[in-house]
Amino acid sequence: MAGVNVSPASLLELIAEIAEIPINAGVFKKDCADLTRRVCLLTHLVEEIRDSKPIDSAAASSSENDWWSDLVVGLQAAKRLLSSATRFQARDSSDGAVKRISFQLQCITWKLEKALSNLPYDLYDISDEVGEQVELARSQLRRAMQRYGSLNSNKFSSGLSEPMERDAFSNVKIKAEEEKLEGISETVHYGEEKKQLRKSSSISLAFYLSKDADTDRLDKMVTKNADESKKSDKLTIPVDFLCPVSLELMKDPVIVATGQTYERAYIQRWIDCGNLTCPKTQQKLENFTLTPNYVLRSLISRWCTEHNIEQPAGYIKKNGGDMSVIRALVHKLSSRSIEERRNAVSEIRSLSKRSTDNRILIAEAGAIPVLVNLLTSEDVATQENAITCVLNLSIYDNNKELIMFAGAVTSIVQVLRAGTMEARENAAATLFSLSLADENKIIIGGSGAIPALVDLLENGTPRGKKDAATALFNLCIYQGNKGRAVRAGIVHALVKMLSDSSSHRMVDEALTILSVLASNLDAKAAIVKANTLPALIGILQTGQPRNRENAAAILLSLCKRDNEKLVSIGRLGAVVPLMDLSKNGTERGKRKAASLLELLRKACQ
């Protein structure tokens with residue numbers, strides 16, 4: 001556990017060195033810039049740990065030391081990666097080099113999130129402001145992990161210690177043949193499994209990093225693919241079927257302005273990074289329109305079928321008839337006939353509910369801007385179906401950006417305020433879905449959505465209250481939205497749920513949101529003013545494990561640096577349930593209870 005011996009001062013120097021590494025343009029520009037920004041968010045955390053009183057290492061458990069070790073290893077790996085990525089030139093490098101960088105990014109993200117999730121706040125004097133910065137970094141890392149996929153096998157820990165060789169990108173011609181993958185997908189070559197995994201070249205990186213992957217399944221896949229290696233080694237994918245950027249079999253090929261075809265996700269990423277040229281020809285792109293290449297998609301599908309090969313995950317089996325039907329329905333959305341519009345949007349609602357493929361096709365047919373316009377329809381049935389369509393389409397991540405680009409938030413908030421109860425519920429659910437993207441939390445928070453959600457939380461049906469609570473929780477993860485929620489009266493609504501017997505099913509949601517808000521100064525004042533302490537003590541005594549954990553977390557936020565409140569909860573009978581929670585609660589509950597008990601002991605002294 002070498003990381004434990006690295007001092008906070010040394011770690012601050014490391015973070016400063018990472019911040020000074022230049023980020024060059026290219027495929028990984030955005031990933032590297034995001035990683036650097038998240039690392040810099042940890043500066044104040046390490047400074048406060050440096051300034052805290054030294055902790056007796058003998059008294060600290062191994063798990064409490066592990067978090068620091070994980071943080072050190074993650075930051076050291078981040079520096080190695082960023083230093084090497086500045087020399088990376090996509091046009092001159094092998095696909096293996098691209099995969100190494102992708103894999104390292106995933107490993108580092110996983111390691112840093114793991115470290116921060118195990119941060120023992122109780123051992124250090126961490127301010128609320130710095131705690132909020134840490135939670136922001138964690139939420140961004142979790143979001144990145146959702147995009148990358150999570151690492152659930154210990155086999156990937158070795159990826160962090162894999163050196164980024166000095167000549168990894170310059171000697172690509174020598175290594176190209178060694179690293180070339182001849183199956184549908186590519187093998188990750190790392191650590192002690194390197195030789196074994198080379199035999200199973202059809203195991204995809206996506207599978208290794210998927211949320212569902214586990215050690216047993218990985219072992220089975222290695223064995224299965226080793227048996228099939230002879231067959232796959234003889235198979236060569238037609239060059240035209242490979243994306244020029246990723247060198248992978250395309251699942252959603254699109255044509256850019258120069259006439260070249262790329263995988264949609266990779267060329268979109270290229271454009272989002274600020275590149276104005278075609279990656280293959282280096283010609284300037286006159287526009288950034290991505291036109292689906294249906295002919296090539298059909299050829300790839302036929303080739304996969306003929307060779308008895310599983311098509312890439314998410315591949316759309318589309319026929320012309322289906323697309324024609326969808327385009328006809330989208331055209332009818334703009335009909336002058338109310339009845340025709342109502343029927344068309346109802347049919348699209350049904351189609352959008354059935355599958356991801358339909359959600360992709362409906363968006364490709366240009367339905368999203370038209371549906372957004374229908375959100376303000378005076379026809380009740382049309383409005384209800386339109387908001388439900390937008391909700392269904394938003395489930396597919398790529399559609400979220402299209403919905404936001406269409407300016408949907410203002411209309412969704414209008415439905416949330418004045419629509420039928422069903423429409424309001426689906427509007428709340430849509431805002432939750434869109435807010436899963438961090439950048440959308442800011443836009444939605446500033447749109448006036450939060451007061452409307454708080455109103456639904458107070459006055460909606462049980463389902464409406466749950467939809468509102470879920471959306472509010474996600475929005476309040478962003479620090480700037482906490483004050484908006486407090487001003488909208490969210491604390492009063494949540495506290496009422498803690499004591500209202502008719503809302504007993506919402507106690508979980510109320511406590512979870514309060515635990516997020518409790519780090520905000522205005523929220524603290526509102527929680528105390530609402531006389532919440534007795535209710536929280538009662539939950540500590542008789543609540544479910546998760547609720548007791550959140551109650552302790554809220555009390556800790558309220559009482560930290562406030563002896564008067566500490567004395568108050570002591571008089572209300574908090575000590576006995578806290579002692580029980582410190583022994584029998586969840587891991588987080590134990591930590592919060594132990595910290596509160598320590599504060600109570602010091603207050604008494």
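Calculation criteria
- Residues numbered from 1 in each chain as written.
- Predicted model: local features only at pLDDT ≥ 70, side-chain atom pairs only at ≥ 80, totals over all residues.
- Heavy atoms only, no water.
- Helix = DSSP H or I, 4+ residues; strand = E, 2+ residues; numbered from the N terminus.
- Core = buried A, V, L, I, M, F, W, Y, C linked by side-chain atoms within 4.5 Å.
- Buried < 20%, exposed > 50% of the residue type's maximum accessible area, 1.4 Å probe, protein only.
- Contact = heavy atoms within 4.5 Å.
- Polar contact = N/O pair within 3.5 Å; in protein donor to acceptor, adjacent residues only side chain to side chain.
- pLDDT = per-residue confidence, 0-100.

Enquirer: Please set out unusual backbone geometry residue by residue, giving values where relevant.
Expert: Here asparagine 531, not a glycine, exhibits a phi torsion of approximately 55°, which is positive. Relative to the helices and strands, asparagine 531 is located in the loop between α29 (521–529) and α30 (533–542). At arginine 561, a residue that is not glycine, the phi angle is positive and equals roughly 65°. Along the polypeptide, arginine 561 turns up in the loop between α31 (545–559) and α32 (563–571).

Enquirer: Pulling in residues and values, what's your account of the nonpolar core?
Expert: Counting 93 residues, the largest nonpolar core has Ile412, Leu453, Leu457, Ile490, Leu494 and Ile569 as the members making the most contacts within it. When residues no more than four places from it in sequence are discounted, the contact partners of leucine 457 are Lys465, Ala468, Ala469, Leu472, Ile490, Ala493, Leu494, Met497 and Met506. Of all hydrophobic cores here, the second largest spans 39 residues; its members include Leu41, Leu82, Ala85 and Tyr121.

Enquirer: Help me get a handle on the side chain of threonine 532, residues and values and all.
Expert: Mapped onto the elements of the fold, threonine 532 is located in the loop between α29 and α30. Among the polar contacts made by the side chain of threonine 532, one reaches the main-chain carbonyl oxygen of isoleucine 527 at a distance of 2.6 Å. Aside from chain neighbours lying at most four places away, what touches threonine 532 is Val495, Leu498 and Ile527.

Enquirer: Can you break down the environment of glutamate 384 residue by residue, with the values?
Expert: Relative to the assigned elements, glutamate 384 resides in helix α19 (residues 380–394). Looking at glutamate 384, the relative accessible area reads 17%, which means it is buried. With residues near it in sequence (within four places) discarded, glutamate 384 still touches Arg349, Thr420, Glu422 and Ala423. Looking at glutamate 384, its side chain comes within polar contact range of the side chain of threonine 420, at 2.6 Å.

Enquirer: Can you lay out the confidence of the model for the protein chain for me, pointing to particular residues and giving the numbers?
Expert: Averaged over every residue, the pLDDT of the protein chain is 77; the share at 70 or more is 76%. For residues 55–61, every residue scores under 50 in pLDDT, and the model assigns this stretch five contacts once sequence neighbours within four places are set aside. This model gives residues 313–317 a pLDDT under 50, and the stretch forms 15 contacts once residues within four places in sequence are excluded.

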